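Residues per chain, in single letters:
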Amino acid sequence: AQTVTQSQPEMSVQEAETVTLSCTYDTSENNYYLFWYKQPPSRQMILVIRQEAYKQQNATENRFSVNFQKAAKSFSLKISDSQLGDTAMYFCAFMKPKTSYDKVIFGPGTSLSVIP
Amino acid sequence: DAGVTQSPTHLIKTRGQQVTLRCSPKSGHDTVSWYQQALGQGPQFIFQYYEEEERQRGNFPDRFSGHQFPNYSSELNVNALLLGDSALYLCASGPGLAREQYFGPGTRLTVT
């Protein structure tokens, strides 16, 4: 069974600075997808970034980038130029796309606070 | 283009009652999944529907059941409610061989 671990329950960062959120996962699969989801206090779960395991290049979406280390089963999220609107719960998630019938497995989350 | 919608937004029920939550997937999506998110935790997978059939199920008792309609919308039913069923219930949809799932705003269920 796949598991996702986030070892940082809470983090804070000064506005405009950079912060990195950690995530590790466990799987015996070779092909899969990894995600970072953001859940603001308004509770809408929003996809931040997606990484396909067969791609060696790290995904980037504007201020958000990942460091994907497949051998180490590590998938960290870097947020550059942090903004107040980045304050939210961040969930690392795993999906095995063997068929269309696959669930997303979430980590426990990291609560990020951006301090003005 | 409307995203995933869920109703109602909030719901208060009494222990032992039954509840039905509803979800309309994003346009073009045919797979619907339901998740339970307890306060301060990550979402936990309940089940997934595709072509009106339950395709996968997480570790939830039979009190949790669902349905998918021909228009791909879905319902989550919970019978004999327990206090521990209080949570945010999230619906997510995806297109076929989905690379990701898009989430709705959730329904906050409180069981008293």
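If you're wondering where the values come from, they're calculated on a predicted model, not measured in any experiment.

A. Summary view of the overall build of chain B. Regarding its fold elements, chain B presents 0 helices and 11 strands. Mapped from its N terminus to its C terminus, chain B presents α and β elements in the order β-β-β-β-β-β-β-β-β-β-β. Rg of the C-alpha trace for chain B: 13 Å, near the compact-globule value of 13 Å for 112 residues, within the 12% margin. Seen through its principal axes, chain B has C-alpha atoms that stretch 40 × 25 × 25 Å. Looking at the 112 residues of chain B, the share that counts as buried comes to 51%. Contacts in chain B between residues far apart in sequence, at least 24 positions, make up 53% of those at least 6 positions apart.

B. Expanded view of the overall build of chain A. Across its full length, chain A carries 0 helices and 12 strands. Starting at the N terminus and ending at the C terminus, chain A contains elements arranged as β-β-β-β-β-β-β-β-β-β-β-β. Relative to the globule expectation of 13 Å for 116 residues, the C-alpha radius of gyration of chain A, 14 Å, shows essentially globular dimensions. Overall size of chain A, expressed as C-alpha extent along the three principal axes, is 45 × 25 × 25 Å. Within the span of chain A, comprising 116 residues, buried residues form 49% of the whole. Positive and negative side-chain charges of chain A, numbering 11 and 10 respectively, have mean locations separated by a distance of 9 Å.

C. Spatial organisation of the pairing of strand S5 (residues 44-50) of chain B. Residue and element names in this part refer to chain B. Of all 7 residues making up S5, 6 are buried, and the element is well covered by its neighbours. Bridging between strand S4 (residues 31-37) and S5 involves 6 bridges; their strand directions are antiparallel. Residue pairing in the sheet places Val32 in a bridge with Tyr49 of S5. Linkage of S4 to S5, two consecutive antiparallel strands, is achieved through a turn of 6 residues, within which Gly40 is found at a positive phi near 80°.

D. Representation of the nonpolar core. The biggest cluster of nonpolar side chains holds 26 residues, and the ones touching the most others in it are Tyr25, Trp36, Phe75, Leu77 and Tyr90 of chain A. Elements that contribute at least two residues to this core include exactly strand S3 (19-21), strand S5 (33-39), strand S6 (46-52), strand S8 (64-69), strand S9 (74-79), strand S10 (88-95) and strand S12 (110-115) of chain A. Per-element tally for this core: the top contributor is S10 of chain A, with 4 residues. In this view, Tyr90 of chain A contacts Gln6, Leu21, Trp36, Tyr37, Lys38, Val48, Phe64, Leu77, Ile79, Gly109, Thr110 and Leu112 of chain A; residues no more than four positions away in its chain are not counted. Core analysis: the next-biggest nonpolar cluster, separate from the first, contains 20 residues, Leu11, Ile46, Phe60 and Val78 of chain B among them.

E. Region of the structure containing the interface of chain A and chain B. Contacts between the two partners involve 21 residues from chain A and, on the opposite side, 27 residues from chain B. For the pair chain A and chain B, the summed buried area comes to about 2100 Å², and 51% of that belongs to carbon and sulfur atoms. Inspection of the chain A/chain B interface yields 0 salt bridges. Between chain A and chain B we count 4 residue pairs in polar contact (both at pLDDT 80 or more) in total. Of all elements in the fold, only S5, S6, S10 and strand S11 (104-106) of chain A reach the threshold of two or more residues within the side of chain A that touches chain B. A per-class count over the side of chain A that touches chain B returns 11 nonpolar, 5 polar and 5 charged.

F. Quick peek at the state of the cysteines. Residues and elements named next belong to chain A. Scanning the entire structure with this criterion turns up 2 disulfides over all chains. A disulfide bridge connects Cys23 with Cys92, and the sulfur atoms are separated by 2.0 Å. In this structure, the disulfide formed by Cys23 and Cys92 twists by about -70° around the S-S bond and is classed as left-handed. Taken as a pair, Cys23 in the loop between S3 and strand S4 (24-26) and Cys92 in strand S10 lie far apart in primary sequence, 69 residues in all.

G. The side chain of Thr107 of chain B, seen in detail. Residue and element names in this part refer to chain B. Structurally, Thr107 is set in strand S11 (residues 107-111). Here Pro8 takes part through its backbone oxygen, which lies 2.5 Å from a polar atom of the side chain of Thr107. Residues in contact with Thr107, not counting those within four places in the same chain, are Gln6, Ser7, Pro8, Thr9, Leu21, Ala87, Leu88 and Tyr89.

Rules used throughout
- Residues numbered from 1 in each chain as written.
- Chains lettered and ligands numbered in written order.
- Predicted model: local features only at pLDDT ≥ 70, side-chain atom pairs only at ≥ 80, totals over all residues.
- Heavy atoms only, no water.
- Helix = DSSP H or I, 4+ residues; strand = E, 2+ residues; numbered from the N terminus.
- Rg over C-alpha atoms; globule rule 2.2 N^0.38 Å.
- Buried < 20%, exposed > 50% of the residue type's maximum accessible area, 1.4 Å probe, protein only.
- Contact = heavy atoms within 4.5 Å.
- Lys, Arg positive; Asp, Glu negative; His and termini not counted.
- Charge placed at Lys NZ, Arg CZ, Asp CG, Glu CD.
- Pairing = 2+ DSSP bridges.
- Core = buried A, V, L, I, M, F, W, Y, C linked by side-chain atoms within 4.5 Å.
- Buried area = accessible area lost by both parts, 1.4 Å probe.
- Salt bridge = Lys/Arg side-chain N within 4 Å of Asp/Glu carboxyl O.
- Polar contact = N/O pair within 3.5 Å; in protein donor to acceptor, adjacent residues only side chain to side chain.
- Nonpolar A, V, L, I, M, F, W, Y, C, P; charged D, E, K, R; others polar.
- Disulfide = S-S within 2.5 Å.

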